[in-house]
Amino acid sequence: MTAVIVPSAQPRTGPSSNRKTETVGEAPVASRPAGIRVELTPLARLAGPERATWDALFEAQQGVANPFCAPEWVEAWYETFTEAADRFVFTVHEGDQLIAVAPFFRSKVASRRVAIARRLQLVGAGQGGSLLELPQILAAPGREREALRETVPATLATDTGAHWVETSVTPAMAWFEGQWVKGTGQQVAFHRHQMSRACVIVPLDGSWLTTRSGLKRNVKESLRRAKNRIAKDGRSWAVREHAETLDGTVIDRFLALHRSRAQQEDSSSKHPDAFADEARRACLHRALPKLGAKGRARILELELGGEIVAAQLVLHAPGLSYIHSSGFLPDVWNLGPVTFLQGEAISAAADRGEQWINMSPGPHVAKLRWSEQVDVHHDFAYGAGGRSLRWRYAAFAAAQTQGEVNHAIELGAS
């Protein structure tokens, strides 16, 4: 992918480009339409006195909604992976109406353990990426592109101590406009498409009965086979569901089963332990009970002969269920417990009248058999600054590309 780096044009004069810099709250930003303001908002204020408006904005999502925009996820991620000084929450308002929440954090960029730059990233990127897999600016329906357009100059003009910014462009935002980073008066300005996150999505058709009839033949056969194997196992079985009862005990049981799955020796079912790091486990313990209490997360467990042998974590956003991580004991692998629990989660979502299932990022054979529709988010980097910005970002981009190549080679060899 090619970085676009251009000398910044000096501010033009004349009635068609009469742009000024003004201070809005703590964030100096370029002038904007009357009534629109972008400001840095303390997390304590957004999560405290303004929590109801943040919740309402999350619940207003339409289309393929994002469960990782839930206030509970954002708070837990901030508390787990960042210091207070590195949190930069930009909010966009029109009058008293909250239009968007853009939760950024500042992180270091190192080369051979030497720090070469600092950047702003959206909550969920980087070290906690296995927890918050879809970093995003949360915006009101129909205002997504506007929210992105307003946020870009604000992040460039605010003194955050970062050399560049990384954001995510959703389908509703269309694409990143390079013009947004020009006219800053800085020696160097750039934007670059860094990567894409594609999620397989399954459209639901009013009920499980009608949805199931439209699935591919091999998926229906897998679901039937998994249920028959469990029924023929000989042990009594039941599916336990935890939402309001999603507590520390349930989470610890899920984490143990996930670790057990990661240690499964059969090569066809190998999955890394996404929660091997203690901080990631702590993040789940912070977020899931609160999400469960609001119906935004649940864990489905398969009980065989009185023992919990498999579990599936499911997240929820308006009109959507997100199939997250899972786990099982080695001796039930041949029963297809993950396929079975995913089928239970999807059938329940359809019968609740939800519209979409998100199978999580990374299309592969197992996911694409469910559907060949994908929802794609594009990550962009952008910045404006002095001459050193050119070599700082160039060094990072080169290392990033090398890392992607190494990862692809490792996947090909596994």
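About the thresholds
- Residues numbered from 1 in each chain as written.
- Predicted model: local features only at pLDDT ≥ 70, side-chain atom pairs only at ≥ 80, totals over all residues.
- Heavy atoms only, no water.
- Axes fitted to C-alpha atoms, helices over the stretch in contact; angles between N-to-C directions.
- Helix = DSSP H or I, 4+ residues; strand = E, 2+ residues; numbered from the N terminus.
- Parallel < 35°, antiparallel > 145°, perpendicular 65-115°, else oblique.
- Left-handed = near helix turned anticlockwise from the far one by under 90°.
- Contact = heavy atoms within 4.5 Å.
- Nonpolar A, V, L, I, M, F, W, Y, C, P; charged D, E, K, R; others polar.
- pLDDT = per-residue confidence, 0-100.
- Phe/Tyr/Trp six-rings, centres within 6.5 Å; stacked < 30°, edge-to-face > 60°.
- Buried < 20%, exposed > 50% of the residue type's maximum accessible area, 1.4 Å probe, protein only.
- Salt bridge = Lys/Arg side-chain N within 4 Å of Asp/Glu carboxyl O.
- Pairing = 2+ DSSP bridges.
- Polar contact = N/O pair within 3.5 Å; in protein donor to acceptor, adjacent residues only side chain to side chain.

Draft legend 1. Broad picture of the packing of helix α6 (residues 217-232) against helix α9 (residues 337-351). One can describe the packing of α6 onto α9 by two numbers: an axis separation of 9 Å at closest approach and a directional angle of 110°. With respect to their mutual orientation, α6 and α9 come out roughly perpendicular. Regarding α6 and α9, the two cross each other, and that crossing is left-handed. Seen from α6, the contacting residues are S222, L223, A226, K227 and I230; seen from α9, they are T339, F340 and G343. Of the residues in the contact of α6 with α9, the class split is four nonpolar, three polar and one charged.

Draft legend 2. The environment of Q97, seen in detail. Summarising the element assignment, Q97 is placed in strand β6 (residues 97-111). The sequence separation of Q97 and A140 amounts to 43 residues, and the corresponding C-alpha distance is 9.9 Å.

Draft legend 3. How the structure looks around the confidence of the model for the protein. For the protein, per-residue confidence averages 89 on the pLDDT scale, and 88% of positions sit at 70 or higher. Within the model, pLDDT remains below 50 along residues 1-30, and this stretch shows 64 contacts once partners closer than five positions in the same chain are excluded.

Draft legend 4. Quick look at the packing of aromatic side chains. Overall, the coordinates contain 15 aromatic pairs when judged by the stated rule. Seen from their ring centres, W77 and F81 are 4.9 Å apart, and the 45° between their planes marks the pair as tilted. Of this pair, W77 and F81 both sit in helix α3 (residues 71-81), four residues apart, roughly one helical turn. Of the two residues, W77 and F81, both sit in the buried class. Note on F190 and Y393: the rings are 4.4 Å apart at their centroids and 35° apart in plane angle, and the pair reads as tilted.

Draft legend 5. Expanded view of the side chain of T167. As for its placement among the helices and strands, T167 is situated in strand β9 (residues 164-169). In this structure, T167 is in contact with F104, L122, I137, L148, F176, H378, D379, F380 and Y382, ignoring residues within four places of it in sequence.

Draft legend 6. Spatial organisation of the pattern of salt bridges. Enumeration according to the criterion identifies 25 salt bridges in this entry. Notably, a salt bridge pairs D233 with R235, separated by 2.6 Å at the nearest N-O pair. What makes R235 partly exposed here is its relative accessible area of 30%. R253 is the partner of E301 in a salt bridge, and the nearest nitrogen-oxygen pair spans 2.9 Å.

Draft legend 7. Spotlight on the environment of H163. Note that H163 resides in the loop between α4 (144-157) and β9. C-alpha of H163 to C-alpha of G386: the two residues are 223 residues apart in sequence and 9.4 Å apart in space.

Draft legend 8. Fine view of the pairing of strand β10 (residues 188-203). Of all 16 residues making up β10, 13 are buried, and the element is well covered by its neighbours. As paired elements, β10 and strand β16 (residues 373-385) share 13 bridges and run antiparallel to each other. Of the residues in β16, the one forming a bridge with V188 is G385. Sheet topology places β10 next to strand β15 (residues 356-361); four bridges connect them, and they run antiparallel. Bridged to C199 within β15 is P361.

Draft legend 9. Focus on the side chain of S326. When you line up the elements, S326 lands in strand β14 (residues 320-328). For S326, a relative accessible area of 4% puts it in the buried group. Within the structure, S326 has its side chain in polar contact with the side chain of R261 (distance 2.3 Å). Not counting residues up to four positions away in its chain, the partners in contact with S326 are F254, H258, R261, A311, Q312 and V338.

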